Amino acid sequence: MSHARPSEPATRAGRSLSRRQLLVGTGAAVALAACGGGDGADGEGSAGDGPSPVPAEDPIRNLLDLVGVPAEPELSVLVASFEMLTGPGRRMQFGLLDATRVPMIDQDLRVWLVREGDKEIVQGPVVPTFHDEGLGNRGIYVFESEIPAPGIHNLVVATGDGSAGGAAALNIITPDVSPIVQVGAAFPASATPTSEAPGDLEELCTLEPDCGMHGSSLDTALGAGKPTVLTIATPKYCVSQICGPVVSIVEGVRLESGRDDIEWIHVEVFKDAGNTPVELVTELGLPSEPWVYLIDGDGNLADKFDGPMTADLLRDSLGKI
């Protein structure tokens, strides 16, 4: 059975990023996308070799016993975000595969967060919600975490009837050590490529056909005090296979919302064929892809999405800007 590992420390802003470094932490999202089927813009993926036999003293079985679910640890939990933080109200996303590596769609689930070491249950049981609008035959489960202290924790997941379960390890950090811009902080007013000034990009937009979110530069939008939805994703070269759907989801919400008061901006991750990150990616210290930022009229970050995202989640967040 394949279990997610704790995330590696994120790369600090300002450091030169290679493609290998940039994609650290996206393995769960890759598996989530690949098992749900690829899309033309993102290439193909592999679902893996399937579950392996569970050892007699499997730590996941022990975690399930701890939360009162004496089920077989036959589910694979795929953490679908890179950044996981302490504090209340943190959006936690995951995918779930059954014992045959088939995605489990819209299931009745219960989740717990268990601190590693003393095995204290710090949250749960919580009932996550399922979201798939815009993701085709894929989907994510979402709940709000409340982890008081940093360190390794275990996300324990079980079916509502207690017949099956699984777990994944999480590396929880405090917001002050994260290289990522945090909600409430001023967002860097950086110049970004536009249709009129694409700079040194080989392709301004790798979505096919191009999206309509290249009319304004980020610094111009924030300087004018316009609320902004900034999407950083590369549909053609995205290893996680979810950049294409995410850009399409944002584009769809843009067209349907009629929010002309919002500036909608898409920035590719790479200048070239998936090798050299654009300046904004380096400046923001992004360790994975894709990211969607919602910035209010004062230039402060109001919300952000890390990894897969659905149209209904984005619509709900638009109210924050």
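For every chain, the first residue of its written sequence is number 1, and the numbers climb from 1 along that sequence. Restriction of local features to residues with pLDDT of at least 70 applies here, the model being predicted, together with a cutoff of 80 or more for giving and counting side-chain atom pairs; totals for whole chains, interfaces and linings are based on all residues. Note: side-chain values were computed over all heavy atoms of the structure, leaving out hydrogens and water.

Enquirer: I'd love a proper account of the pairing of strand 11 (residues 291-295), names of residues and values included.
Expert: Under the scheme applied here, a residue whose accessible area is under 20% of the maximum for its type counts as buried, over 50% as exposed, and between as partly exposed, the area being computed with a 1.4 Å probe on protein chains only. Runs of H or I in DSSP of at least four residues are treated as helices and runs of E of at least two as strands, each being numbered from the N terminus. Among the five residues in strand 11, five count as buried, and that is most of the element. Burial along strand 11 is two-sided: W291, Y293 and I295 facing one way and V292 and L294 facing the other are all buried. With five bridges joining them, strand 11 and strand 12 (residues 301-306) adopt antiparallel strand pairing. The partner of W291 across the bridge, within strand 12, is D306. Pairing between two strands is assigned when DSSP locates at least 2 bridges connecting them. Between strand 11 and strand 12, which pair antiparallel one after the other, the connecting turn spans five residues, and G299 there sits at a positive phi close to 85°.

Enquirer: Account for the pattern of salt bridges, with residues named and values stated.
Expert: Counted as salt bridges are all cases of a side-chain nitrogen of Lys or Arg within 4 Å of a carboxyl oxygen of Asp or Glu. For the structure on display, the rule yields 16 salt bridges. As a salt-bridge pair, R110 and D108 come within 2.6 Å of each other at their nearest N and O atoms. D108 sits in the partly exposed class, given a relative accessible area of 43%. With a closest N to O distance of 2.5 Å, R315 and E133 form a salt bridge. With a gap of 182 residues between them, R315 in helix 7 (residues 311-318) and E133 in the loop between strand 5 (129-131) and strand 6 (140-147) connect regions that are remote in the sequence. For E133, a relative accessible area of 33% puts it in the partly exposed group. In the salt-bridge network here, residues are joined through shared partners; they are R91, D303 and K320.

Enquirer: I'd like a rundown of the sheet that holds strand 7 (residues 151-159), residues and numbers included.
Expert: Taking strand neighbours across the sheet as the criterion, the four strands line up as 4-3-7-8 in an open arrangement whose pairing is antiparallel. Bordering the open sheet on either side are strand 4 (121-126) and strand 8 (165-172), each of which pairs with just one other strand. Taken over all neighbouring pairs, the strand axes of this sheet differ in orientation by 15° on average, direction set aside. Sheet analysis places strand 7 next to strand 8, joined by eight bridges and oriented antiparallel. The residue of strand 8 that forms the bridge with V157 is G166. Most of the contacts of helix 3 (residues 59-66) go to strand 8, to which it runs at about 95°, and overall it touches strand 3 (109-115), strand 4, strand 7 and strand 8. Axes here mean lines fitted to C-alpha atoms, for a helix over just the part in contact, with angles spanning 0 to 180 degrees between N-to-C directions. The contact definition used throughout considers only heavy atoms, calling two residues in contact when any of these lie within 4.5 Å.

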